[in-house]
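A closer look at the structure
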Amino acid sequence: MTHSLIDTARAREDVDPDPPAEPLLQIDDLVVEYRTGREWTAAVRGVSVTVHPGELVSLVGESGSGKTTLIQGALGLLPDAARVAGGAIAYSGVDVTGWNDRRMALVRGNYVGFIPQDPNTSLNPVKKIGQQVIEAVRFNEQESSDAAAHRSAALESLRTAGLQDAERVFQQYPHELSGGMKQRALIAIALAGRPSILVADEPTSALDVTVQKVILDHLVRLRSELGLGILLVTHDLGVAIDRSDRILVLQDGELVEEGPVDRVLEHASDPYTRRLLEAAPARHAGRLEPTTGRRDAAPAGTPVLRAGGLSKTYQLRSRTQRSELRALDAADLVLRKGTTHAIVGESGAGKSTLASILVGFTQADAGTVHVGDREVTGLKGRQLRDLRRDLQFVFQNPFTSLDPRFTVSRLIAEPLQAFGLLKDKAARASRVSELLHAVALDDSFAGRLPRQLSGGQRQRVAIARALALNPEILVLDEAVSALDVSVQAQILQLLVDLQAELGLSYVFVTHDLGVVRLIADDVTVMRDGAVVETGPVDGIFSAPAHGYTRELLAAIPGAGHGA
Amino acid sequence: MAFVLNPRPSAPRVELIARSGTRRLGDLVRQPVLLFSWIIVLLAIGWAVAPSLFTSHSPYAGDPDASFAAPSLDHWFGTDRLGRDLFARSVYGAGTTLTATLLAVLIAFGLGTLVGLTAGFVRGVVDTVIMRVVDVFLAIPSLLLAMVIVSVLGYSTNNIALAVGISSIAAFARVMRAEVLSVVSRDYVRAAYGLGVSRIGVVLKHVVPNSLTSVVALAALEVGTAILAVAGLGFLGYGAPPPEPEWGLLVAEGRDFVASAPWTSLMPGAALALVVLSTHRISVSLRKDHAR
């Protein structure tokens, strides 16, 4: 049955290589609903998607837009609490709507290959890569063949996925591979059934930007070499703009924009799409201006924070051996008053370790930190607490950094209480309200609990709380990375406004070079615990001295179409 | 600049929370067993607080002519060897048994949380020493341990409560330590240090409140176990002296006449069993609420 489906599909392509009669994937007016209690709520409301051979279609949306639900529906992989309530799904003209799981299993792998989101959790950790690819080969072969044939098919699949050293990877376990190689192994598994279309759900979101570039380059090559259709699901408009032929924008389960890349870029008709485009960091050439007006040329302020020769080594102990991880290797940093200094690097670059030493969460093995003229290296107890009045920290994830039992007003008042300031209740309440307004929230938020807030609102509360003691310096560790791009833009604007108003100095840790350009005056690029390059943003971005910086800059998604 | 600060209003979420209160009552009506359990437990508490409201008979004064009367409209649970009304004795006994239970759970909960908190927060040698002692306590069957403690302290209901409480400290300490360990590693605890909150402040405001939820669920479960332990020790004669009404003792007193007058043991025993089962049912529903 399904074999004939594949055969007809392939035969049709052979006969008529020009615009094919049937698209590889055609989703018509799909409605998917989730059960909440005894009611059904629609997560996808009448979305239509078509993918033709050799076409890369991107499905863009922020969290909660229904993009993952949509492709789960298309692949027949919906969770138990969800159902397809309307519409049709057809692969090469064969309607598979309502097929049971056994029949859908024949379509998956053979006809459509799926690349999951997080390579670090999507491979079975106790099986060798080779076995996992062979499994995919065996389940999807047309007629049964012997083990040797399986092996060679699996090796071929690994090579097609871009793993040059396929023989070695074949024998390795997932933990022996880097994130990028694991994602390639997953691509190999998706290719093992020789599908005509690939569906990739955020295939690079968990990867570093340089690795992301390599993987996306490879997907694009697969499309042109094998004539595959690719449906790429992503939250990153930059990625979509760079790579796809057509873009679909999803908001709250509805398609709000559809069209070829250029048309979407130039004449996006939908306001949400335009907002997304505006928000994409790569679309901005220069630094954000405060909403109150242009700020003066970056003040050539005196240093408020100086770090010199910071080193940190972690001892790793496994059952068989002891080894050392040099997380930070003689790193220097100077933060000028009233400016933003960004620390950029990929995972493992030591940027978070550096930030955590600056605020005294971690003790450095060597080196010094000065806040103003005060040396703060190795401070403990009372003195460390006093330092907090000048130096505050904002965490990456606003979903874990706020105590779930505290109301917003209690959260913001906490540092005031800790230092015994504003003992008078009314004075404290008015300070809380002042801080809420500073982060563009109103008094109605004071009584809410964190779970009643959105991600962006939570991060605003976290920033308000950090500002409560009037610190001079804020250390922000990936403070916008967990947020959707439009929310991220709002928070960045807020930070710029606050800086202009209060003369704050920021240390801004991020993996995203696009964001650096929006907010920073100085930038320090780090790799493997060491500082690669440091200097003013304009200089580094226009004339990077180091090869690694150039590589990072080239990997920013959407940069090509940006300014 | 192009983008504007635009915090989205989140009115629908507030509405959701307001609805959950009424939903809980609806749940109760839809689960008759749970509803029944609540009625039983509330009734038992009523017996303990104001026994004279529930029976006009005296728990002590017997009517020798009416000894071993079978359950009837006048004597719901029947009468015992001395003609005392067993229903009255059960009602008055609730006070003794439940007070001892409450005391036992409070001791176990209070000391257990404190020990677990210390171990989980201080870590290091303190943690190792405390947890090895806790392991030793867990290795001894709790009823046996309680019997040893009562033997040392002397026979009385208060000492039973103390003994049952001490013998359950270990379980609370283990759960509390595990919770504290997980809460301490959360971002909001690190954030609190970062804001300049002192160690004591962090413990009292963040660690304890966020660790207590599952310990409270354990306490609810422990109530049933403690009732059984208290009544069990009473049955064995470690508790209140004979004329006192106490559930374990009531069952023990009827033991010799089970063949001729089964109600003397069965009726107080059934009341005891119902209350224990009901507390278990309630604690299960509390744990599910917590998990939600």
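Report follows, based on the coordinates. (Residues numbered from 1 in each chain as written. Chains lettered and ligands numbered in written order. Predicted model: local features only at pLDDT ≥ 70, side-chain atom pairs only at ≥ 80, totals over all residues.)

With that settled, the discussion passes to the nonpolar core. Counting 232 residues, the largest nonpolar core has Leu231 of chain A together with Val230 of chain B as the members making the most contacts within it. Counting contributing residues per domain, this core is built from domain 1 (120-194) and domain 2 (303-554) of chain A, each supplying no fewer than three. Sequence-distant contacts of Val230 of chain B, that is, excluding residues within four places in its chain, are made with Thr97, Ala100, Thr101, Ala104, Ile160, Ala161, Val164 and Gly248 of chain B. (Core = buried A, V, L, I, M, F, W, Y, C linked by C-beta atoms within 7 Å. Buried ≥ 20, exposed ≤ 12 C-beta atoms within 10 Å, placed from the backbone. Domains from an automatic or database assignment. Contact = placed C-beta atoms within 7 Å.)

We now examine the pairing of strand 8 (residues 229-234) of chain A. Residue and element names in this part refer to chain A. Burial within strand 8 is extensive, with 6 of its 6 residues counted as buried. Because side chains alternate across strand 8, one face comprises the buried residues Gly229, Leu231 and Val233, and the other comprises Ile230, Leu232 and Thr234, equally buried. Bridging between strand 3 (residues 56-60) and strand 8 involves 5 bridges; their strand directions are parallel. The residue bridging Ser58 from the neighbouring strand is Leu232, located in strand 8. Bridge count between strand 7 (residues 197-201) and strand 8: 5 bridges; the pairing is parallel. Looking at strand 8, one finds that Ile197 is bridged to Gly229. In the classification by handedness, the crossover that spans strand 7, the intervening helix 8 (residues 209-226) and the parallel strand 8 is right-handed. (Helix = DSSP H or I, 4+ residues; strand = E, 2+ residues; numbered from the N terminus. Pairing = 2+ DSSP bridges. Right-handed = clockwise from strand over helix to strand, strands pointing away.)

All names here are of chain A. Taken together, 6 strands build an open sheet; the order of strands is 16-17-18-13-19-20 and the sheet is mixed. Across the chains shown, the open sheet's two edge strands, defined by having one partner strand only, are strand 16 (391-394) and strand 20 (530-536). For this sheet, the mean angle separating the axes of adjacent strands, direction not counted, is 15 degrees. In terms of strand pairing, strand 19 (residues 522-527) meets strand 20 through 6 bridges, oriented antiparallel. (Axes fitted to C-alpha atoms, helices over the stretch in contact; angles between N-to-C directions.)

This brings us to unusual backbone geometry. Residue and element names in this part refer to chain A. The phi dihedral of Ala440 is positive, around 65 degrees, even though this residue is not glycine. Locating Ala440 in the fold gives a position in the loop between helix 15 (425-438) and helix 16 (455-467). Judged by the 19 C-beta atoms lying within 10 Å of it, Ala440 is partly exposed. The backbone of Asn470 sits at a positive phi, close to 55 degrees, despite the residue not being glycine.

On the secondary structure map, Gly130 of chain A appears in helix 4 (residues 129-140). With near-sequence residues (within four places) excluded, Gly130 of chain A lies in contact with Ala154, Phe170 and Gln171 of chain A.

Next up on the list: the packing of helix 8 (residues 187-195) of chain B against helix 9 (residues 199-235) of chain B. Residue and element names in this part refer to chain B. Two numbers describe how helix 8 lies on helix 9: the axes approach to 10 Å, and their chain directions differ by 155 degrees. Considering the angle they form, helix 8 stands roughly antiparallel to helix 9. In the packing of helix 8 onto helix 9, the handedness of the crossing is right-handed. Counting all contacts with helix 8, which are made through Tyr188, Val189, Ala192 and Tyr193, the residues of helix 9 involved are Val202, His206 and Val207. Classifying every residue of the contact of helix 8 with helix 9 by side-chain character gives 6 nonpolar, 1 polar and no charged. (Parallel < 35°, antiparallel > 145°, perpendicular 65-115°, else oblique. Left-handed = near helix turned anticlockwise from the far one by under 90°. Nonpolar A, V, L, I, M, F, W, Y, C, P; charged D, E, K, R; others polar.)

A few words on the interface of chain A and chain B. Contact with chain A, which involves 34 residues of that partner, is made by 25 residues of chain B. Counting only elements with at least two residues in the side of chain A that touches chain B, the list comes to helix 11 (271-279), strand 16, helix 14 (408-418), helix 16 and helix 17 (485-502) of chain A. The biggest single contributor to the side of chain A that touches chain B is helix 17 of chain A, with 4 residues.

Residues and elements named next belong to chain A. Strands sit in the order 12-11-14-15 across an open sheet of 4 strands; the sheet is antiparallel. At either margin of the open sheet sits one strand with a lone partner, and together these are strand 12 (322-336) and strand 15 (374-375). Pairing of strand 11 (residues 303-317) with strand 12 involves 11 bridges; the strand directions are antiparallel. The partner of Arg306 across the bridge, within strand 12, is Val334. Helix 12 (residues 351-358) contacts strand 11, strand 12 and strand 14 (366-371) of the sheet and is inclined by roughly 120 degrees relative to strand 11.

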